[in-house]
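Structure assessment
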Amino acid sequence: MSAPDPTVGELSEGRILAGILARVGPSHAAVGPGDDAAVLAAPGGRVVATVDTLVHGPDFRLAWSSAFDLGWKAAAVNLADVAAMGARPTALLVALAMPDDTRMSFVEGIADGLRAACDALAPGCAVEGGDLTVSDTLTLAVTALGALDADVSPVLRSGARPGDVVAVAGALGAAGRGLGLLFSRFTDADGSPVAVDHSALSAAERVDLAAQLRPEPPVALGADAGRHGATAMMDVSDGLVLDATRLADASGVSVALTSASLGADPASALTGGEDHALLATFGAAESLPAGFRVIGEVRARGEASVLVDDRPFTGRGGWDPYRDWDAGTG
Ligand SMILES: Nc1ncnc2c1ncn2[C@@H]1O[C@H](COP(=O)(O)OP(=O)(O)OP(=O)(O)O)[C@@H](O)[C@H]1O
Ligand SMILES: Cc1ncc(C[n+]2csc(CCOP(=O)(O)O)c2C)c(N)n1
Ligand SMILES: [Mg+2]
């Protein structure tokens, strides 16, 4: 008899897979999970494809994230990248590398989080395949695929033009504040993560923590922006200043942001990452799609890629895993 909640090391790959497939469905593909590969329709004739990996250590800590949180976030960050092209997500492929003492209930929690995020953020998109392997470091690598309608061009980072307005949809700063809460309030004397005590958090802090652990990017607004003629777009994963710099450099322009348009906490909005808001530019004559708000304007290229209140941004902005993660502290 197997234990009520066996570890993956006590099960076979087939049993683990069956447990996952019982929860991620239903498939929307011509051939879903279970064969050597999925077969998907490619509406519009083009496939949008992206991959993003969550690794225990630099990307999440098990003391802070539940299995459901991880599945949700792994889906959400990928759905946001598809949306940022002006596309509609159609399928996820999920590679899981897990230590062999991982409980089956944990694997099921990941599957539930993946499915819930698809249902909430990109209805019609589902897990259509993946891979299982064993590793000392828990890792989720999710590939997302998407479709562009036949008459729609992908929205690139390089299309912003002087005179365009700069707009954003979705939260800015909350996920970064949530990460700050985790590191400042939920670590022990050695700096190791400890479980979150939700009763110790204010309502506003709970919102910030949820934005970090279960981000809700405005996925459907990506295709809306494309239909409304967005000239450039990307999701804000590493912080507004850093990502706006990438958009400005790709477009050969400068992006001028107004801090007064960035809410009550402009510092977090400028440098906090992981909200996966959509940053887009629109020709000044266009009316913005519902859900977008103006935060600045595109100018002819000057010395600085990004200006905040007409001054080059001098703070340290955004996340770079090679610079910002310390393997020594995990
Ligand atoms: N190992 C790699 N091989 C080939 N292309 C890569 C590799 N890593 C990144 N890229 C490409 O480089 C570009 C920038 O990658 P990056 O991960 O910074 O952007 P992103 O996917 O939008 O990030 P985020 O997931 O944080 O939104 C993307 O087009 C990505 O596909
Ligand atoms: C435990 C823990 N440590 C650090 C972070 C911060 N962090 C990780 S990935 C990322 C941005 C997007 O990454 P990418 O550009 O690689 O997709 C940020 C800000 C975290 N979330 N959890
Ligand atoms: Mg992106």
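An account of the accompanying structure is given in this report. Predicted, not measured: the structure shown is a model, and the values here were computed from it.

Focus: the coordination of the magnesium ion (ligand 3)
Ligation of the magnesium ion (ligand 3) by protein atoms is provided by Asp81 (OD) and Asp235 (OD), these donors lying 2.0 to 2.1 Å from the ion. Linking aspartate 81 in helix α2 (residues 67-83) with aspartate 235 in strand β6 (residues 230-236), this pair joins segments that are 154 residues apart in sequence.

Description of the pattern of salt bridges
Enumeration over the complete set of coordinates arrives at 16 salt bridges. Across the salt bridge formed by arginine 185 and glutamate 205, the nearest N and O atoms sit 3.0 Å from each other. One end of the pair, arginine 185, is in helix α4 (residues 174-185); the other, glutamate 205, is in helix α5 (residues 203-213), and 20 residues separate them in sequence. Across the salt bridge formed by arginine 227 and aspartate 224, the nearest N and O atoms sit 2.5 Å from each other. A residue pair is termed a helical-turn pair when its members lie 3 or 4 positions apart in one helix, as arginine 227 and aspartate 224 do in helix α6 (residues 220-227) at three residues. The exposed category is assigned to arginine 227, whose relative accessible area is 53%.

Digging into the sheet that holds strand β9 (residues 293-300)
Strand order in this open sheet of seven strands is β6-β8-β5-β9-β7-β10-β11, and the pairing throughout is mixed. Looking at which strands have only one partner, the edges of the open sheet turn out to be β6 and β11 (311-312). In the packing of helix α7 (residues 240-251) onto the sheet, the strands contacted are β6, β7 (253-257), β8 (277-282), β9 and β10 (306-308), and the crossing angle to β6 comes to about 145 degrees.

Notes on α2
Here α2 is 17 residues long and its end C-alpha atoms lie 24 Å apart, about the 24 Å a rise of 1.5 Å per residue gives. Taken across its 17 residues, α2 has 15 buried, putting it largely inside the fold.

Here we look at the pairing of strand β4 (residues 139-147)
Most of β4 is tucked away, with eight of its nine residues classed as buried. Pairing of strand β1 (residues 47-55) with β4 involves nine bridges; the strand directions are antiparallel. Bridge assignment links valine 47 to a residue of β4, and that residue is alanine 147. By the bridge criterion, nine bridges tie strand β2 (residues 88-98) to β4 in an arrangement that is antiparallel. Paired with leucine 92 across the two strands is alanine 144, which belongs to β4.

Considerations on the nonpolar core
Ile16, Leu92, Leu96 and Phe292 are the most contacted members of the largest nonpolar core, which totals 55 residues. When residues of this core are sorted by domain, at least three fall in each of domain 1 (11-147) and domain 2 (165-177 + 215-318). Sequence-distant contacts of isoleucine 16, that is, excluding residues within four places in its chain, are made with Val8, Leu11, Met98, Met104, Val107 and Leu132. Listed in part, the 24 residues of the second largest apolar core include Met234, Val241, Leu247 and Leu270.

Observations concerning unusual backbone geometry
Cis rather than trans, the peptide bond between glycine 25 and proline 26 has omega equal to -5 degrees. Inspection of the secondary structure puts proline 26 in the loop between α1 (13-24) and β1. Unlike most non-glycine residues, histidine 276 shows phi in positive territory, near 60 degrees. Here histidine 276 is to be found in the loop between α8 (266-271) and β8. At aspartate 310, a residue that is not glycine, the phi angle is positive and equals roughly 70 degrees.

Let's talk about the side chain of serine 259
Among the secondary structure elements, serine 259 is positioned in the loop between β7 and α8. In this structure the side chain of serine 259 is engaged in a polar contact, spanning 2.4 Å, whose partner is the side chain of aspartate 309. In contact with serine 259, other than residues within four places in its own chain, are Pro266, Val308 and Asp309.

Cut-off values and rules
- Residues numbered from 1 in each chain as written.
- Chains lettered and ligands numbered in written order.
- Predicted model: local features only at pLDDT ≥ 70, side-chain atom pairs only at ≥ 80, totals over all residues.
- Heavy atoms only, no water.
- Donors = N, O, S within 2.8 Å, 3.2 Å for Na, K, Ca; no water.
- Helix = DSSP H or I, 4+ residues; strand = E, 2+ residues; numbered from the N terminus.
- Salt bridge = Lys/Arg side-chain N within 4 Å of Asp/Glu carboxyl O.
- Buried < 20%, exposed > 50% of the residue type's maximum accessible area, 1.4 Å probe, protein only.
- Pairing = 2+ DSSP bridges.
- Contact = heavy atoms within 4.5 Å.
- Axes fitted to C-alpha atoms, helices over the stretch in contact; angles between N-to-C directions.
- Expected span 1.5 Å × (residues − 1).
- Core = buried A, V, L, I, M, F, W, Y, C linked by side-chain atoms within 4.5 Å.
- Domains from an automatic or database assignment.
- Polar contact = N/O pair within 3.5 Å; in protein donor to acceptor, adjacent residues only side chain to side chain.

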